[in-house]
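Residue-level listing of the chains:
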Amino acid sequence: MDLAKTLTALSEAMGPSGFEASVAEMVAEIMRPMCDEVTTDALGNVHGIRHAAKPGAPKLLYSAHMDEIGFMVTDIKDGFLRFRTIGGIDPRVMPAREVTVMTDPPIHGVISSVPPHLQAAGDNTKPFAVEELVIDIGMSDEKARKLVRPGTPAVFSEHAQLLGDKLFSGKTLDDRGCVVMLLRTLELLQGKDLPVELVIQASTQEEVGLRGAQVGAYANAPDWAVAVDVTHAETPDAPKRPDIVKFAGGVPISMGPNTNRALGRRLCELSEKLGMGYQPQVMEGGTGTDAWAMQVAGDGTASCVISLPLRYMHTAVETIHLDDLENAAKLLAEFALDPGEAPPRGPLV
Amino acid sequence: MKELVKTLCAIDAPSSFEDAMRDFIRPRAEAAGCEVYEDVLGNLIVHKPGAPADKRIMFAAHMDEVGIIIKALGDDGYLKFACVGGVDVRVLIGKRVLVGANHVPGIIGIKAVHLTTQDERKIVPKINDMYIDIGASSREEAEKLTCCGDYAVFDSFPVDFGEGMLKARAIDDRVGCATMLKLIENGPAVDSWYVFTVQEEVGTRGAAPASHRIKPDAAIILEGTTAGDLPDAKPHLKVCAPGAGAVLPFMDNSAIYDREMFNELRSLAEKNGIRYQIKQYVSGGTDAGNIQRARAGIPVAAISAAVRYIHSPSCVASIDDFEQIYALAAAFLAAHAK
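Conventions adopted
Residues numbered from 1 in each chain as written. Chains lettered and ligands numbered in written order. Predicted model: local features only at pLDDT ≥ 70, side-chain atom pairs only at ≥ 80, totals over all residues. Heavy atoms only, no water. Helix = DSSP H or I, 4+ residues; strand = E, 2+ residues; numbered from the N terminus. Rg over C-alpha atoms; globule rule 2.2 N^0.38 Å. Buried < 20%, exposed > 50% of the residue type's maximum accessible area, 1.4 Å probe, protein only. Contact = heavy atoms within 4.5 Å. Areas by Shrake-Rupley, 256 points an atom, 1.4 Å probe, with all protein chains shown as cover. Lys, Arg positive; Asp, Glu negative; His and termini not counted. Charge placed at Lys NZ, Arg CZ, Asp CG, Glu CD. Buried area = accessible area lost by both parts, 1.4 Å probe. Salt bridge = Lys/Arg side-chain N within 4 Å of Asp/Glu carboxyl O. Polar contact = N/O pair within 3.5 Å; in protein donor to acceptor, adjacent residues only side chain to side chain. Nonpolar A, V, L, I, M, F, W, Y, C, P; charged D, E, K, R; others polar. Domains from an automatic or database assignment. Pairing = 2+ DSSP bridges. 1 Å grid on protein atoms, 1.4 Å probe; cavity = no way out; pocket = protein on both sides within 12 Å on 5 of 7 lines; lining within 4 Å. Points joined across faces, edges and corners; volume = space filled by probe spheres on them. Axes fitted to C-alpha atoms, helices over the stretch in contact; angles between N-to-C directions. Parallel < 35°, antiparallel > 145°, perpendicular 65-115°, else oblique. Left-handed = near helix turned anticlockwise from the far one by under 90°. Phe/Tyr/Trp six-rings, centres within 6.5 Å; stacked < 30°, edge-to-face > 60°.

Enquirer: Is there a simple way to think about the overall build of chain B in this case?
Expert: Broken down by element type, chain B carries 9 helices and 17 strands. Against the compact-globule benchmark of 20 Å for 338 residues, chain B has a radius of gyration of 21 Å, which places it among compact chains. Expressed as lengths along the three principal axes of its C-alpha atoms, the size of chain B is roughly 65 × 45 × 35 Å. Sorting the 338 residues of chain B into buried and exposed places 58% on the buried side. Expressed as a percentage of contacts within chain B between residues at least 6 apart in sequence, the contacts between residues at least 24 apart total 77%. Element-wise, carbon and sulfur atoms account for 52% of the exposed surface of chain B, whose accessible area totals about 13,400 Å². A distance of 3 Å separates the average location of the 37 positive side-chain charges in chain B from that of its 45 negative side-chain charges.

See the structure below:
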């Protein structure tokens, strides 16, 4: 798999929470030759399934979400689109940001800003309030109303690109960078017999509340559920905090209440064995990832979070290190081949 | 009840580190002739066989307590940490803690007041600026004593206090665990289910999977709840008071309790001379919320103990209240023998 090419395709695809269908189709298409079965459920989650070599094997689920943050058109005024956000977006990254309004065919838009000439002194020291901003699609009110209806989503418009030799930048690497990681995991497992039933889940609606993963985990009832999501990588302006990780400093592996200790330990051991090391990510409560929902789905699941370090989260210029993606994929493949003993299922009461 | 609560309050079990609680409860429940099962999250599920009940009754109390998790070991040997569950950082300053299963003594220090500026004295330090001193002078030395992801608990030994009171950490919810253990060992011989839940303090996490598995027809949550009966508190903010009996909440932030069960508990208390008080304020939350919404829905009620300074190293509660809570829970169970 050409990582940069797959990353580019998925990064530039459009699929805000609740509108993932076209991304889901792309993901399913890539999965099909590498899976025994690919299914889609009622909430739009895609499940790529690799059967175990022997029946009765435990089930392992890896989840990465394919939805992205975005915008929702709420009203049209004088040809400009009023909007609210889908998921959390820093209003400071909005002014003059190019977007794509998801009509058929899509419409290119620009989020408004006020030129310096029209500002009062000191205005530029305060961020714009979201309510003041509109999406400009350069049309008359009549034309705009004809082409765009309230309820139409929009997403950041930004091309993906390499940054230097090893960094990759674009929109929606949260979390399609991890979707690509899981596709790469599938590739690494091609032609190998698996001791587990492996489910690769591309989940929906994570950004608005871990919704797809909750039902996906319930339906699959896995023995292990690992969420693969992005985490903050160091930047010059980031706070000095222990949970902010380094690029290419080892695979970030979660610890804390959302992590099954045996599962976490196994992943740490394997990353040492593979010589890539790990960065402990201690999370004292919610991890804000699919793992939080999957842990308590059904009768409960052994869960953990493997993270992909990422700079500038929830902007259109999210940036990752390709070695981090490749290393984590290797670790996930290794765990699928050598997971150790499954946690006991126990009696159904 | 007093000795049992005291024993349980001395056990370490911050959320997701409930191992020592399970190790204590499991052999006693097994010795009492119960089936015991630990699920993947660590909930300890106990089935007590007995005379048939008119419905499947589940009691729930959480094993975990609020505490501390070690986030990083500094080059200088100090530990960076976060709180597990809701802790007001103001109760941490200048306290002793015990780090990990080996109880490495630690101190949450703060620079001397002499070294502070006037402005600094007016603000509470941020948790990111706080640290635990375990006497290590380098990361290597600290690594011999603890590791990332390890836990710490408040160093607060349970002791009798004032008139008929107990001071301890983690009375929330060792009082509920003690009540269930006593029901298991000495309670009415009625078929019933007990779930010692995990991770209540980080979002009532264990309760949902446990209820999904047990499928009860009714659930009673045994809890510690906030007492606000301080001299200067406005009457409606006193909530409930240690010594005034078992607390019956009608509603909190997690659930509106089933009215029929609430009324039943109240009349059982009155009929049996069990002292009770109604929780006077809508605050806090319990496992009830997630139990109520498990499967196709489960009616819930709660019986709570009034605990002062809850979620701090030094909680205060009334020993007589523990007896009233047990009596009411036992009366409920007995009333449901077929």
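Enquirer: In this structure, what is going on with the overall build of chain A? I would like to understand it.
Expert: Broken down by element type, chain A carries 8 helices and 17 strands. Oriented by its inertia axes, the alpha-carbon framework of chain A measures out at about 65 × 40 × 40 Å. Across chain A, contacts joining residues at least 24 apart in sequence account for 76% of those joining residues at least 6 apart. Counting every atom, chain A has about 14,600 Å² of accessible surface; 52% of that belongs to carbon and sulfur. Charged side chains in chain A number 31 positive and 47 negative. The centres of these two groups are separated by 0 Å.

Enquirer: Hey, could you run me through the interface of chain B and chain A in this one?
Expert: Quite often, the size of an interface is put as the accessible area lost when its parts meet. Taken together, the contact pairs 30 residues of chain B with 29 residues of chain A. Each partner contributes to the roughly 2,400 Å² buried at the junction of chain B and chain A, and carbon and sulfur atoms together form 58% of this total. Summed over the shared surface of chain B and chain A, the number is 3 salt bridges. For Glu284(A), the salt bridge is made with Lys71(B), and the minimal N-O distance between the two is 3.0 Å. Put simply, chain B and chain A have 10 residue pairs in polar contact (both at pLDDT 80 or more) between them. Counting only elements with at least two residues in the side of chain B that touches chain A, the list comes to strand 4 (67-73), strand 5 (79-84) and helix 6 (207-214) of chain B. Take the side of chain B that touches chain A: its biggest share by element is 5 residues, from helix 6 of chain B. Partitioning the side of chain B that touches chain A into residue classes produces 16 nonpolar, 6 polar and 8 charged.

Enquirer: Please explain the domain arrangement of chain A as it appears in this structure.
Expert: All names here are of chain A. The assigned domain composition of chain A is domain 1 (3-68 + 171-337) and domain 2 (70-156). Placing a centre on the C-alpha atoms of domain 1 and another on those of domain 2 gives a separation of 32 Å. Tallying the contact residues gives 12 residues for domain 1 and 15 residues for domain 2. When domain 1 packs against domain 2, close to 1,100 Å² is buried across both sides, 77% of that on carbon and sulfur atoms. When the buried surface of domain 1 facing domain 2 is broken down by residue, Met14, Phe19 and His314 rank first, second and third, together holding 44% of it. At the surface where domain 1 touches domain 2, the tally comes to 1 residue pair in polar contact (both at pLDDT 80 or more). The residue makeup of the side of domain 1 that touches domain 2, split by class, is 5 nonpolar, 4 polar and 3 charged.

Enquirer: Would you mind going over the pairing of strand 13 (residues 224-232) of chain A with me for this structure?
Expert: Moving residue by residue along a regular strand, the side chains alternate between the two faces of the sheet. All names here are of chain A. Within strand 13, 8 of the 9 residues are buried, which leaves the element mostly enclosed by the surrounding structure. Where strand 3 (residues 59-65) meets strand 13, 4 bridges bridge the pair, whose relative direction is parallel. Among the inter-strand pairings, Ser63 is bridged to a residue of strand 13, identified as Ala227. Pairing analysis gives 9 bridges linking strand 13 to strand 16 (residues 302-310), with the strands arranged parallel. When the sheet's bridge partners are listed, His232 is paired in strand 16 with Leu310.

Enquirer: What is the right way to read the environment of Val87(B) from this model?
Expert: Residue and element names in this part refer to chain B. Here Val87 is to be found in the loop between strand 5 and strand 6 (96-99). Counting along the chain gives 19 residues from Val87 to Ile68, while the straight-line C-alpha distance between them is 9.2 Å. In this structure, Val87 is in contact with Val66, Gly67, Leu92, Phe154 and His311, ignoring residues within four places of it in sequence.

Enquirer: How should the sheet that holds strand 5 (residues 80-86) of chain A be read in this particular structure?
Expert: The strands making up a sheet associate through backbone hydrogen bonding, with each pair oriented either parallel or antiparallel. All names here are of chain A. With antiparallel pairing, the 6 strands of this closed barrel are ordered in space as 4-5-8-7-6-9. Relative to strand 7 (residues 107-111), strand 6 (residues 98-101) runs antiparallel, the two sharing 4 bridges. Each bridged residue has a counterpart across the sheet, and for Glu98 the counterpart in strand 7 is Val110.

Enquirer: Whenever I open this one, the domain arrangement of chain B confuses me. Can you help?
Expert: Residues and elements named next belong to chain B. Along its sequence, chain B is carved into domain 1 (2-65 + 169-335) and domain 2 (67-154). Just the C-alpha atoms count here: the centres of domain 1 and domain 2 sit 31 Å apart. Every contact between the two is made by 11 residues of domain 1 and, on the other side, 16 residues of domain 2. Its largest share of buried area at the contact with domain 2, domain 1 owes to Asp12, Phe17 and Pro313, together 44% of the area lost on that side. The interface formed by domain 1 and domain 2 holds 0 salt bridges in total.

Enquirer: I would appreciate a short explanation of the layout of surface pockets in the present structure.
Expert: Rolled over the atoms, a probe with the dimensions of a water molecule shows which regions are left empty. By volume, the largest pocket is sized at about 1,100 Å³. For the lining of the largest pocket, the elements supplying multiple residues, two or more each, are strand 14 (251-255) and helix 6 (261-273) of chain A together with helix 2 (19-31) of chain B. For the lining of the largest pocket, a count of residues per class yields 22 nonpolar, 15 polar and 11 charged. Lining the second largest pocket are 28 residues, with Pro242(A), Lys246(A), Ala72(B), Leu73(B) and Arg139(B) sitting closest to its centre.

Enquirer: Can you walk me through helix 1 (residues 2-9) of chain B in this structure?
Expert: Within helix 1 of chain B, the full set of buried residues consists of Leu4(B), Val5(B), Lys6(B), Leu8(B) and Cys9(B). Contacts made by the buried residues of helix 1 of chain B are with helix 2, strand 10 (159-161), strand 11 (165-168), helix 5 (171-186) and helix 9 (319-335) of chain B.

Enquirer: Is there a simple way to explain the packing of helix 2 of chain B against helix 5 of chain B in this structure?
Expert: Relative placement of two packed helices is described by the angle separating their axes and the distance separating the axes. All names here are of chain B. Viewed as axis vectors pointing N to C, helix 2 and helix 5 meet at an angle of 15°, and their least axial separation amounts to 10 Å. By the angle between their directions, the pair helix 2 and helix 5 is classed as roughly parallel. Both helix 2 and helix 5 take part in a crossing whose hand is right-handed. For the pair helix 2 and helix 5, contact is made by Met21, Phe24, Ile25, Arg28 and Ala29 and by Arg174, Cys177, Leu181, Ile184 and Glu185, respectively. Grouping the amino acids of the contact of helix 2 with helix 5 by side-chain chemistry returns 7 nonpolar, no polar and 3 charged.

Enquirer: When you look at the packing of aromatic side chains in this model, what are you seeing that I'm missing?
Expert: For any pair of aromatic rings, the description consists of the separation of the ring centres together with the inter-plane angle of the planes. Residues and elements named next belong to chain A. All told, the structure shown has 6 aromatic pairs over all chains when counted by the stated rule. Measuring from centroid to centroid gives 5.2 Å for Phe71 and Phe83, while their planes differ by 85°, and the two rings are edge-to-face. Placement of Phe71 in strand 4 (residues 70-77) and of Phe83 in strand 5 is noted, with a sequence separation of 12 residues between them. Of the two residues, Phe71 and Phe83, neither departs from the other in class, the shared state being buried. For the ring pair Phe71 and Phe156, a centre distance of 5.7 Å and an interplane angle of 75° mean the geometry is edge-to-face.

Enquirer: What should I look at first to understand the sheet that holds strand 17 (residues 318-321) of chain A in this one?
Expert: Residues and elements named next belong to chain A. Strands sit in the order 10-11-17 across an open sheet of 3 strands; the sheet is antiparallel. The open sheet has two edge strands, strand 10 (161-163) and strand 17, and neither has a second partner. When the angles between neighbouring strand axes are averaged without regard to direction, this sheet yields 35°.

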